[in-house]
Amino acid sequence: MIRYIRRAAALCLLLLAALLVNAVRVMLVEAAELDANPANRRTAIARWAEPRGEIVVDGRPVTGSRDSGQQLRWERTYRRGPLYAPVTGHASQTYGTTMVEHAEDELLSGADPMLAPLPLWNDLTRGRSPGGDVVTTIRASMQEAAYWGLDGKRGAVVALEPSSGRILALVSSPSYEPGVLSGTGADVKDAWARLTTSPNQPMLNRALRQTYPPGSTFKIVTAAAALDSGVVRDVDAPTDTPDPFVLPGTRQVLPNEARGCADASLAYALQWSCNTVMAGLGVDVGLEGMVEAAERFGFDDTTLRVPSWVAKSNFDRVMSPDQLALSSIGQFDTTATPLQMAMVAAAVANTGEIAQPYLVDRTTTSGGATVDRTPRRTYRQAMSAATAFRLQRLMVRAVEEGTGTNAAIPGARVGGKTGTAQHGFGNTGTPYAWFIAWAQAEDSARPAVAVAVVVEDAEAARADISGGGSAAPIARDVMREALRLEAESRGAPGARGTRATEPPAPARPRGAPGARRAPETTRPAAPASPAPAAPAAPARPAPDRTVPAAPRGAPGERPSAPARKPSAVPRGAPGSGG
Amino acid sequence: MTAPRSTDAPADAPPPGVRGPKRRGVELVLLLGAVLISVCGYAEVGLAHDGAVPPDAARYGAGLGLLALLAHLAVRLRAPYADPLLLPIAVLLNGLGLVLIYRLDLETPRDQAATPQLVWSTLGVALFIVVVLLLRDHRALQGYAYVSVAAALALMILPIFFPAVNGARIWIRIGGLSFQPGEFAKILLAVFFAAYLSANLSALAYAGRRIWRFQFPTWRVLGPIVAIWLVSVGVLVLERDLGTSLLFFGLFVIMLYVATGRTGWIAIGLLLAAAGAFLIGSVEPHVHSRVEDWLDPYASIRAGDGPGQLAQSLFAFAAGGMLGTGLGLGHSVLIGFAAKSDFILATAGEELGLAGLCALFLLYALFVARGYRAGLALRDPFGRLLAVGLASIVALQVFVIAGGVMGLIPLTGMAMPFLAQGGSSVVTNWVIVALLVRISDSARAPRPESADTGELARVEAGR
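Residues numbered from 1 in each chain as written. Chains lettered and ligands numbered in written order. Predicted model: local features only at pLDDT ≥ 70, side-chain atom pairs only at ≥ 80, totals over all residues. Heavy atoms only, no water.

### Some remarks on the overall build of chain B
Line of reasoning, step 1. What chain B contains, in helices and strands, is 18 helices and four strands.
Line of reasoning, step 2. Looking at chain B as a whole, 56% of its 463 residues are labelled buried.
Line of reasoning, step 3. Considering only contacts in chain B between residues 6 or more positions apart, those separated by 24 or more positions represent 74%.
Line of reasoning, step 4. Surface exposure of chain B reaches about 19100 Å², of which carbon and sulfur atoms provide 68%. (Helix = DSSP H or I, 4+ residues; strand = E, 2+ residues; numbered from the N terminus. Buried < 20%, exposed > 50% of the residue type's maximum accessible area, 1.4 Å probe, protein only. Contact = heavy atoms within 4.5 Å. Areas by Shrake-Rupley, 256 points an atom, 1.4 Å probe, with all protein chains shown as cover.)

Shown next as structure tokens:
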């Protein structure tokens, strides 16, 4: 019997061995897979067990956390959520994270190993560091100026510091309150359904993720290509472009909104936005040259991160000459994000070099120790420095005496370019108003800010929509704020210089009443009078006014539009005036 | 190896005055350790959850210590030669079980189970003391074979007349107390099997015809056992308590094998088990769903219904990893229903890690080994079979439930001995400890009797 008892004992030992081996299988071998199972709530519980790190704007957090007392304990809150939503995005327990909340999620949630006091410390203690903070490059007053400038109209504003690539303002409008998505439960689901089905698409980050036909603002790229390739050697020399201009290989005529464009010089063409000249120059540069130029500015780049990903701005690589002509004035398939167009302005402002745009200045531990700092990096050399200087002069002229007079800021050197982009089937969609610009204080060595504004205002009368009318005042307010901040920051070393230039910015001498927070007071005036309170009255009526008139008439004249792209051609072209 | 030595012991019996290998002091020290570990665990839960040691930690420790001390005194008084490991292991497992239940109580404020469990444990220890004090010789049980089996069947049939709880008719609810009589039945069945098999040892071993390579005993001998077994299994199937059914079956096969030494029994047993399991698994919906769950624990996740209990249990074990999250810091409460009873091991796995879980398994293994060792050291076949049977009950129960919650075998509802919430189970386990203490006392005690029985045992052992 003893032998059998021993064997029975051996059986028990076998069962024990099976249990131990199985325990190793479940707890070590398959553990990672089980931990990562989406149905396993532990990851979420640990993730929300501590307050999330903060996103900081101008030294103040724009986020917070609230103890919900639920299983997922700390819920995200936002201070002035709609204003900063395009920057922060949301951190929802139900719907995940977006924007900086997404790009810096590891750090904010405390999972980043860099937050641990010692390497592998958190693996050892199974703890989680308190969430780190993300310090953004956004300047609050500029963000507000842009936000109030758009005033709920559909559109976006991006402002960059050309020399560094810091994104100073990033606004998308209409915006949303990201805090309503933070928690779990029916309220959050309702809010999500409401936001995702709203026709205004409040959760769409128009500044980074929406592409628009850039219209005439793209002429800067074409001009840079023409100058760099040697097609144009003297900006003031007449070009050989007839007006009206027949698109090569077709019988379609590309009209102008501006006058005097026949054989006009590049300088004149940029100042008054001649479609014919720029289309002709684009064809002269050739497809290859234009594609290269556009790509040097960042078009067709799918890898841009700021650190949130940015939608690809498009410039077709295969086109017929007539399509190339239209693409050269920012129509046809050419599309750009507001950030992309801000980079175009920044390239001109920063002697041809585009600094890598970035939104996160540095990340810190909860205690404030720096974890990582975004270095200044060169994105691309968009054009030669000589070309950049020439374009600066031309853009300044467009603001001083051209289409962009609404953006002028006394006491500062401002260069700009307007654009009005047609879109939609048969160009019946409300045109988008564009304005890209940069500004340099007179006593400063380099431009302080580059900005791109797009307004897709479906509610305004079409006559009001033009880059110079709708978008330029917003850009002006944002740039003025940037100049004021720059003067402030220079205040300590060069106080006397600052004092000399200070009056223009805060004093608002141009009779635009109200605080900088209320640019809407100036806005209604803009469309009404062609040259609103501009210091120097233009020599002739600003084309802003004539621009929208043409596209409005155009669709009516040719109701039977042929099918696709080429159909948009005759109408797309005229739209890009202004 | 132990058996000959212990049989030789009386031959050169220790002279009076020389201390025998009683090891009661060792037991006392181990008990102290067991109580201390439990109290530390209790304090750790409080520290992790509230940042403070629970105010009643000292009281809890004193209570557990007092229980252990009383049990120890009973053993010292009436079973001085008992194995010194059995009682400390039982106390440690019971104490850890209380800690784990208390820890889970913190997450379920509306369902407090630790205090009732403490009451049941006290009752269990009291019963332990009673058994140790009153049962002077385990052989006395041999005479109650048929009483045992009748009582066992009665206990198993009784719950059929009560409403089913969670798909199984194994509870008797009287007032607020629920009671699982099947738990006691397993001891009674072990006693019956041991008594019957030991009485028919020679008949079982020699008689019967041979089919192919297997020697069968005569039906006259085998009949009653198979009948009892069939009845008990049938009742369990009716009650849908597959865990206990599996346990009885395993117990039956092991005891039959130990008694007869026929490997054929194992083969037949396994065949029967496989056939029975297949039949029940495909016919009975309650069991069928368990098998489905076992084959694919994540099916409900893919179906969009969220993780099932087994998946949650596996998540908990996986979250434990090597060292565990620490007591009070895991989320095994996500398992939901039965987290404190059937799935208590998941909490141990998550919060104590693989290291802690292995320690628990080894404690059980040590306990079972001590039971087997007592069986080996004894000379009377009844005692041997009873010791093996009782130890096997614990071993099988641990395997069935631990394998179930860890996805090794289909999950069947069963209580982890000593750890899990459940009054009947705790009381039953304490009776098992008492019987093993009694048997090990007989096995280790110096024997003044003649060597006749010892010779007989040796002959048998050599066979």
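### Points about the environment of serine 425 of chain B
All names here are of chain B.
Line of reasoning, step 1. Tracing the chain through its elements places serine 425 in helix α17 (residues 423-444).
Line of reasoning, step 2. The class of serine 425 is buried, set by a relative accessible area of 3%.
Line of reasoning, step 3. Between the C-alpha atom of serine 425 and that of aspartate 296, which follows or precedes it by 129 residues, the distance is 30 Å.
Line of reasoning, step 4. Apart from residues no more than four positions distant in its own chain, serine 425 is found in contact with Glu183 and Ala415.

### Points about the nonpolar core
Line of reasoning, step 1. With 156 residues, the main nonpolar core has Phe128, Leu345, Phe361, Leu390, Met416 and Trp430 of chain B as its most contacted residues.
Line of reasoning, step 2. A total of 17 residues in this core trace back to one element, the largest contributor, which is helix α16 (residues 381-405) of chain B.
Line of reasoning, step 3. Excluding anything up to four places from it in sequence, methionine 416 of chain B contacts Ile344, Leu345, Phe361, Tyr364, Val398, Ile401 and Ala402 of chain B.
Line of reasoning, step 4. Judged by nonpolar contacts, the second largest core, of 132 residues, contains Ile167, Val235, Ala388 and Ala408 of chain A. (Core = buried A, V, L, I, M, F, W, Y, C linked by side-chain atoms within 4.5 Å.)

### Considering the side chain of threonine 364 of chain A
Residues and elements named next belong to chain A.
Line of reasoning, step 1. For threonine 364, the position within the fold is in strand β13 (residues 360-364).
Line of reasoning, step 2. Judged by relative accessible area, threonine 364 falls into the buried class, the value being 5%.
Line of reasoning, step 3. Beyond its immediate chain neighbours, meaning those up to four positions away, threonine 364 contacts Leu107, Leu115, Gly132, Asp133, Val135, Ala369, Thr370 and Val371.

### A word on the interface of chain A and chain B
By convention, interface size is frequently given as the accessible area that disappears when the constituent parts associate.
Line of reasoning, step 1. Facing the 34 residues of chain A at the interface are 56 residues of chain B.
Line of reasoning, step 2. Of the roughly 3800 Å² buried where chain A meets chain B, counting both sides, 73% is carbon and sulfur surface.
Line of reasoning, step 3. Broken down residue by residue, the surface that chain A buries against chain B is led by Met1, Met27 and Arg42 of chain A, which jointly contribute 22%.
Line of reasoning, step 4. Remark: the boundary between chain A and chain B carries one salt bridge. (Buried area = accessible area lost by both parts, 1.4 Å probe. Salt bridge = Lys/Arg side-chain N within 4 Å of Asp/Glu carboxyl O.)

### A look at the layout of surface pockets
Which parts of space are left empty comes out when a probe the size of a water molecule is rolled across the atoms.
Line of reasoning, step 1. The computed volume of the largest pocket comes to approximately 1900 Å³.
Line of reasoning, step 2. Lining the largest pocket are 45 residues, with Arg42, Ile45, Ala46 and Arg47 of chain A together with His331 of chain B positioned closest to its centre.
Line of reasoning, step 3. Elements supplying a minimum of two residues to the lining of the largest pocket: α3 (42-47), α6 (105-109) and α7 (121-125) of chain A together with α2 (24-50) of chain B.
Line of reasoning, step 4. Here the lining of the largest pocket takes six residues from α3 of chain A, the largest share from any one element.
Line of reasoning, step 5. Among the residues making up the lining of the largest pocket, the classes are represented as 15 nonpolar, 15 polar and 15 charged. (1 Å grid on protein atoms, 1.4 Å probe; cavity = no way out; pocket = protein on both sides within 12 Å on 5 of 7 lines; lining within 4 Å. Points joined across faces, edges and corners; volume = space filled by probe spheres on them. Nonpolar A, V, L, I, M, F, W, Y, C, P; charged D, E, K, R; others polar.)

### Regarding a nonpolar patch on the surface
Line of reasoning, step 1. On the surface, Val24, Leu28 and Val29 of chain A together with Met322 and Leu323 of chain B cluster together to form a nonpolar patch covering roughly 460 Å² of accessible area.
Line of reasoning, step 2. Inspection of the secondary structure assignment puts leucine 323 of chain B in the loop between α14 (309-320) and α15 (344-377). (Patch = residues over 30% accessible without salt bridge, like charges linked within 9 Å, V, L, I, M, F, W, Y side chains within 5 Å.)

### Digging into the packing of helix α4 (residues 81-88) of chain A against helix α8 (residues 140-150) of chain A
All names here are of chain A.
Line of reasoning, step 1. Put simply, α4 and α8 touch, their axes get as near as 10 Å, and they point 110° apart. Relative to α8, the element α4 lies roughly perpendicular. Mapping the contact onto sequence places Pro82, Leu83, Tyr84 and Val87 in α4 and Ala140, Gln143, Glu144 and Tyr147 in α8.
Line of reasoning, step 2. Split into classes, the residues belonging to the contact of α4 with α8 amount to six nonpolar, one polar and one charged. (Axes fitted to C-alpha atoms, helices over the stretch in contact; angles between N-to-C directions. Parallel < 35°, antiparallel > 145°, perpendicular 65-115°, else oblique.)

### Some details on the packing of aromatic side chains
Line of reasoning, step 1. Using the criterion set out here, one finds 17 aromatic pairs over all chains in the structure.
Line of reasoning, step 2. Ring centres of tyrosine 212 of chain A and tryptophan 434 of chain A lie 6.1 Å apart, and the angle between their planes is 85°; on these two criteria the pair is classed as edge-to-face. Here the residue tyrosine 212 of chain A occupies a position in the loop between α10 (206-209) and α11 (219-229), and tryptophan 434 of chain A occupies one in strand β17 (residues 432-441), the gap between them amounting to 222 residues.
Line of reasoning, step 3. Taking relative accessible area as the criterion, tryptophan 434 of chain A reaches 0% and is therefore assigned buried.
Line of reasoning, step 4. When the centroid spacing of 5.6 Å and the interplanar angle of 75° are considered together, the rings of phenylalanine 128 of chain B and tryptophan 430 of chain B count as edge-to-face. With phenylalanine 128 of chain B in helix α5 (residues 114-134) and tryptophan 430 of chain B in helix α17, this pair connects stretches of sequence that are 302 residues apart.
Line of reasoning, step 5. Given the relative accessible area of 2%, tryptophan 430 of chain B is considered buried.
Line of reasoning, step 6. Lying across the ring of tryptophan 309 of chain A, arginine 209 of chain A places its NZ or CZ 3.9 Å from the centre. (Phe/Tyr/Trp six-rings, centres within 6.5 Å; stacked < 30°, edge-to-face > 60°. Lys NZ or Arg CZ within 6 Å of the ring centre and 35° of its normal.)

### Observations regarding the sheet that holds strand β7 (residues 133-136) of chain A
Residue and element names in this part refer to chain A.
Line of reasoning, step 1. Read from one edge of the open sheet, five strands run β2-β1-β7-β13-β14, paired in mixed fashion. Each of the sheet's edge strands pairs with one partner strand only, and the pair in question is β2 (60-61) and β14 (370-373).
Line of reasoning, step 2. Alignment of β7 against β13, held across four bridges, turns out to be antiparallel. Within β13, the position partnered with aspartate 133 by the bridge is threonine 364. (Pairing = 2+ DSSP bridges.)

### Quick word on the pairing of strand β4 (residues 74-78) of chain A
All names here are of chain A.
Line of reasoning, step 1. Alignment of strand β3 (residues 63-67) against β4, held across five bridges, turns out to be antiparallel. Its bridge partner lying in β4, glycine 64 is registered against threonine 77.
Line of reasoning, step 2. Where β3 folds back onto β4 in an antiparallel hairpin, the turn is made up of six residues, including glycine 69, whose phi is positive at roughly 70°.

### Some thoughts on the pattern of salt bridges
Line of reasoning, step 1. On inspection of all chains with the given rule, the structure shows 35 salt bridges over all chains.
Line of reasoning, step 2. Across the pair arginine 139 of chain A and aspartate 58 of chain A runs a salt bridge whose closest N-O atoms are separated by 2.8 Å. Of this pair, arginine 139 of chain A sits in the loop between β7 and α8 while aspartate 58 of chain A sits in the loop between β1 (55-57) and β2, and the two are 81 residues apart along the sequence.
Line of reasoning, step 3. For the salt bridge of arginine 24 of chain B with glutamate 27 of chain B, the shortest nitrogen-to-oxygen distance reads 2.8 Å. Linking arginine 24 of chain B with glutamate 27 of chain B, this pair stays in helix α2, spanning three residues, or about one helical turn. Accessibility assignment for this pair places arginine 24 of chain B and glutamate 27 of chain B in one class, buried.
Line of reasoning, step 4. It is possible to trace a salt-bridge network through shared partners that takes in Arg47, Arg52, Glu54, Arg76, Glu101 and Asp105 of chain A.

### Digging into a negative patch on the surface
Residues and elements named next belong to chain A.
Line of reasoning, step 1. On the surface, a cluster of negative charge is contributed by Asp240, Asp243, Asp263 and Asp284.
Line of reasoning, step 2. Here aspartate 263 lies in the loop between β11 (253-254) and α12 (266-272).
Line of reasoning, step 3. The class for aspartate 263 is partly exposed, based on a relative accessible area of 36%. (Lys, Arg positive; Asp, Glu negative; His and termini not counted. Charge placed at Lys NZ, Arg CZ, Asp CG, Glu CD.)

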